[in-house]
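Here is what each chain is made of, one letter per residue.
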Amino acid sequence: MSSICLKQTTKAGITLIKNLFIDYYMIPANGEYVKIYLYILRCSSDDKLSASLSINTLADIFDCTEKDVLRALKYWEKNNVLSLEFSDGVLSAIQINDLEKNGTKENEPKDTKHSKTLSNFISSARLAEFADNTEVKQLLYIAQKYMGKTLNERETNLILYFYDNLGLSADLIEYLLEYCASNDKKSFRYIEKTGITWHKEGISTPSQAKEYISNFSHTYFAVLKTFGLSGRNPAPVERDLIDKWTNQYGFSLDIILEACNRTINTIHQPSFQYADSILERWSKNNVHHLSDLKLIDSAHEKRREKAAKNTETQIPAKKNSFNNIPQHDYDFNELEKALLKRT
């Protein structure tokens, strides 16, 4: 077991968690990743825990595989929360980064699959530049028209984040606002997730966005068809769940349809909630391809077999109806003699 050098230590008996981490890094992260990060912070304030820290130790503590631990550490490294050092391919050191040192733009979470943008970190100097930008002023005016209200500071900064940080064109942002408003999705949280998804998909023009939306609509109707619900549009709650499966979980259509098929095979009726429970479990198990399900199915089958064997050894065998009849000892020779006498 190879120990890891933990390079930042804090005052013993105290584990410090910055508000910046809670506000912007914790919320979009996988819960298991958060647990591992918090435990590493805990180790930084205890010399004994720090000295014994290793991938193997973390895997034992959190009842997961060493690959799961490394995946969590690399997630935090990608988001500049931790810095990792390797020696001959083996993790040798972890540096706990000061979230405020690297500058807000470098420190912004990079996992756009689940990311919450740091849109309110646009500098005052940059905001002053936008004040004289005619295109930006027109864009903010259009945004207010579509939303039917005056934008607050965070909403304004989100539009500027799309324009300045993500590099979305004014035409694309305008179409994004039009699309969301026309579908009665005026929540800026929804607009934010949609804009980040389009950026991740490499969409740069309204025409590309329209093509993407068309393909996305195909997902809705493919799910309905698999559930045997063709001939109607998805209800709002159904659309929200499908959006969750594709945007939040990042699942491809084949995995989503597999969950729908398993729903029908298990409960013999369509249920978006049941399919959601399946996909949520797969997301927690880091399923990305259909082939990943083979390992999960195999492990599940082994657990079922083990449980069945345990049940068999615990429950005594039931007596059959024959065994329930009172048993008597008869002298068949005497019975035969008695019958002969009667005749």
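Residues numbered from 1 in each chain as written. Predicted model: local features only at pLDDT ≥ 70, side-chain atom pairs only at ≥ 80, totals over all residues. Heavy atoms only, no water.

**Q** Just to check I follow, could you spell out the packing of aromatic side chains for this structure?
**A** What characterises a pair of aromatic rings is the spacing of the ring centres plus the angle enclosed by the ring planes. Scanning all chains against the criterion turns up 13 aromatic pairs. Here F21 and W76 contribute two aromatic rings whose centre-to-centre distance is 5.4 Å and whose plane-to-plane angle is 50°, an arrangement assigned as tilted. Of this pair, F21 sits in helix α1 (residues 19-26) while W76 sits in helix α5 (residues 66-78), and the two are 55 residues apart along the sequence. Residue classification places W76 among the buried positions, given a relative accessible area of 0%. Chaining the aromatic ring pairs together yields one cluster made of F21, Y25, Y33, Y37, Y75 and W76. Against the face of Y190 rests K185, its NZ or CZ located 5.2 Å from the ring centre. (Phe/Tyr/Trp six-rings, centres within 6.5 Å; stacked < 30°, edge-to-face > 60°. Helix = DSSP H or I, 4+ residues; strand = E, 2+ residues; numbered from the N terminus. Buried < 20%, exposed > 50% of the residue type's maximum accessible area, 1.4 Å probe, protein only. Lys NZ or Arg CZ within 6 Å of the ring centre and 35° of its normal.)

**Q** Hey, could you run me through the packing of helix α11 (residues 206-226) against helix α13 (residues 253-267) in this one?
**A** Where α11 meets α13, the closest approach of the two axes is 9 Å, and the angle between their N-to-C directions is 20°. Comparing their axes, α13 and α11 come out roughly parallel. Of the two possible hands of crossing, α11 and α13 adopt the one that is right-handed. Across the interface between the two elements, H218, T219, A222, V223 and T226 of α11 pack against L253, I256, L257, C260, N261 and I264 of α13. Tallied by class, the residues present in the contact of α11 with α13 amount to 7 nonpolar, 4 polar and no charged. (Axes fitted to C-alpha atoms, helices over the stretch in contact; angles between N-to-C directions. Parallel < 35°, antiparallel > 145°, perpendicular 65-115°, else oblique. Left-handed = near helix turned anticlockwise from the far one by under 90°. Contact = heavy atoms within 4.5 Å. Nonpolar A, V, L, I, M, F, W, Y, C, P; charged D, E, K, R; others polar.)

**Q** What is the right way to read the pairing of strand β3 (residues 90-96) from this model?
**A** Looking down a regular strand, the side chains alternate between one sheet face and the other. Strand direction decides the pairing type here: strand β2 (residues 82-87) and β3, joined by 6 bridges, are antiparallel. Residue pairing in the sheet places S87 in a bridge with V90 of β3. Between the end of β2 and the start of β3, which pair antiparallel, lie 2 residues, with D88 showing a positive phi angle near 55°. (Pairing = 2+ DSSP bridges.)

**Q** Can you help me understand α1 in this one?
**A** Within an α-helix, residues lying three or four positions from one another point in the same direction, as the helix has 3.6 residues per turn. Of the residues making up α1, those classed as buried are L20, F21, Y24 and Y25. Looking straight down α1, one finds its buried side chains confined to an arc of 110°; they lie on one side. Of the surrounding elements, those touching the buried residues of α1 are α2 (31-43) and α5. (Arc of directions from axis to C-beta.)

**Q** Honestly, the pattern of salt bridges in this entry has me stumped. Any pointers?
**A** Two side chains with opposite charge may pair up if their charged atoms get near one another. Overall, the coordinates contain 12 salt bridges when judged by the stated rule. For E155, the salt bridge goes to K149, with nearest N and O atoms at 2.7 Å. Of the charged contacts in the structure, one is a salt bridge between K185 and D240, with a shortest N-O distance of 2.5 Å. Taken together, the residues span a long stretch of sequence, with K185 in the loop between α9 (170-182) and α10 (188-200) and D240 in helix α12 (residues 236-248) at a distance of 55 residues. The partly exposed category is assigned to D240, whose relative accessible area is 37%. (Salt bridge = Lys/Arg side-chain N within 4 Å of Asp/Glu carboxyl O.)

**Q** For this particular structure, what's the right way to read the environment of F86?
**A** Along the polypeptide, F86 turns up in strand β2. Measuring from C-alpha to C-alpha, the distance between F86 and I4 comes to 9.8 Å, with 82 residues separating the pair along the chain. If we ignore the near neighbours within four places in the chain, the residues touching F86 are K74, L91 and S92.

Interpretation in functional terms is not warranted from these geometric data alone.
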